[in-house]
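Spelled out from the first residue to the last, the chains are:
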Amino acid sequence: MEKEIAIKTENVNVIYDWGKPSETKALSDINTTIYEEDFVIFFGPSGCGKSTMLYTVSGIEKPTSGKIFVLGKNITEFSPMESAKFHRAQIGMVFQAYNLIPTLTVIDNVALPQVFRGISREKRLLRAKILLQRFDILPQADRLPSELSGGQQQRVGIARALINEQPIIFADEPVGNLDSKSAKIVLDILYDLNVKDKKTVILVTHDPSLLKYATHIIYMKDGFIVGEKRFSPKQREVTVSSQLEQPFVSSLSGFSSQSTTISPIESSAAEKSKKREEMAKELVETMQIDGTETARAVEPKIIQTEPKITAPQKELTIGELIKGNREQEQIKK
Ligand SMILES: Nc1ncnc2c1ncn2[C@@H]1O[C@H](COP(=O)(O)OP(=O)(O)OP(=O)(O)O)[C@@H](O)[C@H]1O
Ligand SMILES: [Mg+2]
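Described in the following lines is the structure provided in the data block. None of these values were measured; they are calculated from a predicted model.

Some details on the overall build of the protein
- Each helix and strand in the protein was counted, giving 10 helices and 10 strands.
- Across the 333 residues in the protein, those meeting the buried criterion constitute 42%.
- Within the protein, contacts between residues separated by at least 24 positions form 71% of all contacts whose residues are at least 6 apart in sequence.

Focus: the sheet that holds strand β7 (residues 168–172)
- Spatially, the six strands line up as an open sheet ordered β6-β7-β8-β3-β9-β10, and their pairing is mixed. Looking along the sheet, the strands with just one partner apiece sit at the ends: β6 (91–94) and β10 (224–230). Recorded for the sheet is a direction-independent mean angle of 15° between the axes of neighbouring strands.
- Here strand β9 (residues 216–221) runs beside β10; their pairing, made up of six bridges, is antiparallel.

Thoughts on unusual backbone geometry
- The backbone of Asp136 sits at a positive phi, close to 65°, despite the residue not being glycine.
- Residue placement: Asp136 occurs in the loop between α4 (121–134) and α5 (150–162).
- Since 12 C-beta atoms lie within 10 Å of it, Asp136 is described here as exposed.
- Even without a glycine there, the phi angle at Glu165 is positive, about 55°.
- Its location among the elements puts Glu165 in the loop between α5 and β7.

So, the sheet that holds strand β1 (residues 5–16)
- Judged by pairing direction, the sheet is antiparallel, and its four strands sit side by side in the order β2-β1-β4-β5 without closing on themselves. Looking along the sheet, the strands with just one partner apiece sit at the ends: β2 (24–35) and β5 (73–74).
- Note: strand β4 (residues 65–70) against β5, two bridges, orientation antiparallel. Following the sheet pairing, Val70 is matched in β5 by Lys73.

With respect to the packing of helix α3 (residues 106–115) against α4
- Across the interface, α3 lies against α4 with an axial gap of 9 Å and an inter-helix angle of 125°. Overall, the two elements α3 and α4 adopt an arrangement that is oblique. Viewed along their axes, α3 and α4 form a crossing whose handedness is right-handed. In this structure, α3 uses Ile107, Val110, Ala111 and Gln114 to contact α4, whose residues at the interface are Arg124, Leu125, Ala128, Lys129, Leu131 and Leu132.
- Class assignment for the residues of the contact of α3 with α4 results in seven nonpolar, one polar and two charged.

Basis of the calculations
- Residues numbered from 1 in each chain as written.
- Chains lettered and ligands numbered in written order.
- Predicted model: local features only at pLDDT ≥ 70, side-chain atom pairs only at ≥ 80, totals over all residues.
- Helix = DSSP H or I, 4+ residues; strand = E, 2+ residues; numbered from the N terminus.
- Buried ≥ 20, exposed ≤ 12 C-beta atoms within 10 Å, placed from the backbone.
- Contact = placed C-beta atoms within 7 Å.
- Pairing = 2+ DSSP bridges.
- Axes fitted to C-alpha atoms, helices over the stretch in contact; angles between N-to-C directions.
- Parallel < 35°, antiparallel > 145°, perpendicular 65-115°, else oblique.
- Left-handed = near helix turned anticlockwise from the far one by under 90°.
- Nonpolar A, V, L, I, M, F, W, Y, C, P; charged D, E, K, R; others polar.

Next comes the structure, spelled out in structure tokens:
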């Protein structure tokens, strides 16, 4: 049976700070096809454009030029409203820093994307419970995210990314903050979602030990795709069950699979991209809620309609909530 195309990019370019001395070409002539039900990994060193790729193909960022088709729709032509609607229904996002709302309980975090789809509280809590049970975090349902371990919080993040039954899950370094045991649990969940639920999983990492999960590896360097490898689900099953590394990792010249040392140039690049990723995360939260309203406008609405949700001490934007969450994580580390 022919596989359906999930995402197709045509000559996609992303240039930051165009015309300024700091001009950066983050993506260059990206042409690739991602099929439904694949487990795709964008792999490459820090600053090579992996996150830019993820945010661009998921419709959060607009490319400078080129076309992107997601499930047959040209998302580069969408209005902000169409984009928000499409994103909410088709795409689930999982972040390295989880980005849960710290003032909401675990179950309310998971159910939140359904509030704005007009689904009754009873129905959305039931669905959230099923997901929490599946990921073995139901006993933590009424706790706040800060009372959970990193691995548990990431499982909440995955549950939230699935609540609207989105067929495509994007994950930017989803296990980057986790110890190896928690990371394996999270990766096994993503693998299970790909194998059993037939979700298309698209993950970004610089960690070669994750490559064994992929059926499609896209190697990136300096904003270019420098190689692609595809594996049948059968081949992948072998690598996952035998815990083998996917081959070809270091066969491409210039690829250091252990790129843990960061040069000053890379570190300024990492800083820039961090800022950009924070903005994108904020945007995703807003998109999950409503493309037309600002997060600040939405916040009081949650409090009015949701008696179980504790109101923040002062009126916070979603961005501030996320920032607070990130700071707490830093303190914990
Ligand atoms: N908002 C921005 N403004 C200017 N340049 C940016 C911005 N965001 C990213 N960049 C630059 O684009 C390039 C690609 O960044 P990107 O975040 O996609 O890399 P990455 O592969 O995800 O890196 P990492 O593994 O460190 O997360 C880098 O050179 C980065 O400095
Ligand atoms: Mg990145």
